[in-house]
Amino acid sequence: MSYEIVVKMLERRGVTIQSITEIVHKLQIAYNPRLTMKDCEDSVIAVLHKREVQYTLYTGIALDELAEQKKLPQPLQAIMEADESLFGVDETLALGITNVYGMIGLTSFGYLDKEKIGIIHQLNSKGPHIHVFLDDLVAGLAAAASARIAHADPRAIAYPLNPPDAT
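Residues numbered from 1 in each chain as written. Predicted model: local features only at pLDDT ≥ 70, side-chain atom pairs only at ≥ 80, totals over all residues. Heavy atoms only, no water.

Student: Describe the side chain of Asn-32, naming the residues involved and giving the relevant values.
Tutor: Turning to its location among the elements, Asn-32 is positioned in the loop between helix H2 (17-28) and helix H3 (37-48). For Asn-32, a relative accessible area of 14% gives the class buried. Among residues more than four places away in sequence, those in contact with Asn-32 are Asp-153 and Arg-155. (Helix = DSSP H or I, 4+ residues; strand = E, 2+ residues; numbered from the N terminus. Buried < 20%, exposed > 50% of the residue type's maximum accessible area, 1.4 Å probe, protein only. Contact = heavy atoms within 4.5 Å.)

The structure is reproduced here in structure tokens:
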């Protein structure tokens, strides 16, 4: 598996590193005012280099493309075409990406899944393409890259093992 393949698959579906980077920046800038777009881009790229992230993206994108080609068995084909709200498998798959960097990514994913920022909104809109999985996968990717930045913030507080009494 390779980073280049997954980037090409994303681009074929209308998703660029830049579009994900913009979401990450929006998520983290309030917590780190010195954060640059380059920092965010580097984090997105680092997440995309993880093998389990690549596998997850391959799977979700393939299912979206098979649904567009009407090659899925029923009732899965109908569920994908309707983007059934109770399906939930798309979010479950995306959480595999989110969890690579811990629980902080989960809250960001929930926010992005609800608010549909940037390219996520475009992917979620009804149109000629089916992006049942991809909108959630991009949200998971942005949430993981955001969590990676939060974990690396040198301003994070280190707590002592035996804090002094507060008396």
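Student: Quick rundown of helix H6 (residues 89-98)? Include the residues and the values.
Tutor: Among all positions in H6, only Asp-90, Ala-94, Ile-97 and Thr-98 are buried. Taken down its axis, H6 places every buried residue within 95° of arc, on the same side. The elements touched by buried residues of H6 are H3, helix H4 (51-68), helix H7 (103-115) and helix H9 (134-152). (Arc of directions from axis to C-beta.)

Student: Give a description of the packing of aromatic side chains that names residues and reports values.
Tutor: As enumerated under the stated definition, the model contains 1 aromatic pair in all. Seen in terms of ring centroids, Phe-87 and Phe-133 are 6.0 Å apart; in terms of plane orientation they differ by 85°. Their pairing is edge-to-face. You can see Phe-87 sitting in the loop between helix H5 (76-82) and H6 and its partner Phe-133 sitting in the loop between helix H8 (119-124) and H9, a full 46 residues away along the chain. Each member of the pair, Phe-87 as well as Phe-133, carries the same accessibility label: buried. (Phe/Tyr/Trp six-rings, centres within 6.5 Å; stacked < 30°, edge-to-face > 60°.)

Student: Break down the nonpolar core for me, citing the residues and quoting the values.
Tutor: Grouped together as the largest cluster of nonpolar side chains are 47 residues, with contacts concentrated most on Ile-23, Leu-48, Leu-57 and Val-138. Secondary structure elements with two or more residues in this core: helix H1 (3-12), H2, H3, H4, H6, H7, H8 and H9. Take this core: its biggest share by element is 11 residues, from H9. Those residues in contact with Ile-23 that sit more than four places away from it in its chain are Leu-112, Ile-117, Ile-119, Ile-120, Val-138 and Ala-142. (Core = buried A, V, L, I, M, F, W, Y, C linked by side-chain atoms within 4.5 Å.)

Student: Can you explain the packing of H1 against H4? Please cite residues and give values.
Tutor: Where H1 contacts H4, the axes come no closer than 10 Å and their chain directions differ by 30°. Read as a crossing pair, H1 and H4 show a hand that is left-handed. Facing H1, whose interface residues are Tyr-3, Ile-5, Val-6, Met-9, Leu-10 and Arg-12, H4 presents Gln-54, Leu-57, Tyr-58, Ile-61 and Glu-65. Taken together, the residues of the contact of H1 with H4 sort by class into 8 nonpolar, 1 polar and 2 charged. (Axes fitted to C-alpha atoms, helices over the stretch in contact; angles between N-to-C directions. Left-handed = near helix turned anticlockwise from the far one by under 90°. Nonpolar A, V, L, I, M, F, W, Y, C, P; charged D, E, K, R; others polar.)

Student: Outline the packing of H6 against H9, listing residues and values.
Tutor: Across the interface, H6 lies against H9 with an axial gap of 8 Å and an inter-helix angle of 20°. In terms of orientation, H6 and H9 fall into the roughly parallel class. Where H6 crosses over H9, the handedness of that crossing is right-handed. Contacts from Asp-90, Glu-91, Leu-93, Ala-94, Ile-97 and Thr-98 of H6 reach H9 at Asp-136, Leu-137, Gly-140, Leu-141, Ala-143 and Ala-144. When the residues that make up the contact of H6 with H9 are grouped by side-chain class, the tally is 7 nonpolar, 2 polar and 3 charged. (Parallel < 35°, antiparallel > 145°, perpendicular 65-115°, else oblique.)

Student: Describe the pattern of salt bridges, naming the residues involved and giving the relevant values.
Tutor: Once the charged atoms of two side chains with opposite charge are near each other, the side chains can pair. Evaluation of the coordinates by the stated rule reveals 6 salt bridges. Close ionic contact of Arg-12 with Glu-65 constitutes a salt bridge, the shortest N to O distance being 2.6 Å. Here the residue Arg-12 occupies a position in helix H1, and Glu-65 occupies one in helix H4, the gap between them amounting to 53 residues. A salt bridge links Lys-70 to Glu-81; its shortest N-O distance comes to 2.8 Å. Taken together, the residues span a long stretch of sequence, with Lys-70 in the loop between H4 and H5 and Glu-81 in helix H5 at a distance of 11 residues. Classification of Glu-81 as partly exposed rests on a relative accessible area of 41%. (Salt bridge = Lys/Arg side-chain N within 4 Å of Asp/Glu carboxyl O.)

Student: For unusual backbone geometry, give the residues involved together with the corresponding values.
Tutor: With an omega of 5°, the peptide bond between Gln-74 and Pro-75 qualifies as cis. Structurally, Pro-75 is set in the loop between H4 and H5. A positive phi angle is found at Lys-70, which is not glycine, with a value near 60°. Exposure remark for Lys-70: the relative accessible area of 58% places this residue in the exposed category. The phi dihedral of Asp-83 falls on the positive side, at around 50°, and the residue is not glycine. Mapping Asp-83 onto the fold places it in the loop between H5 and H6.

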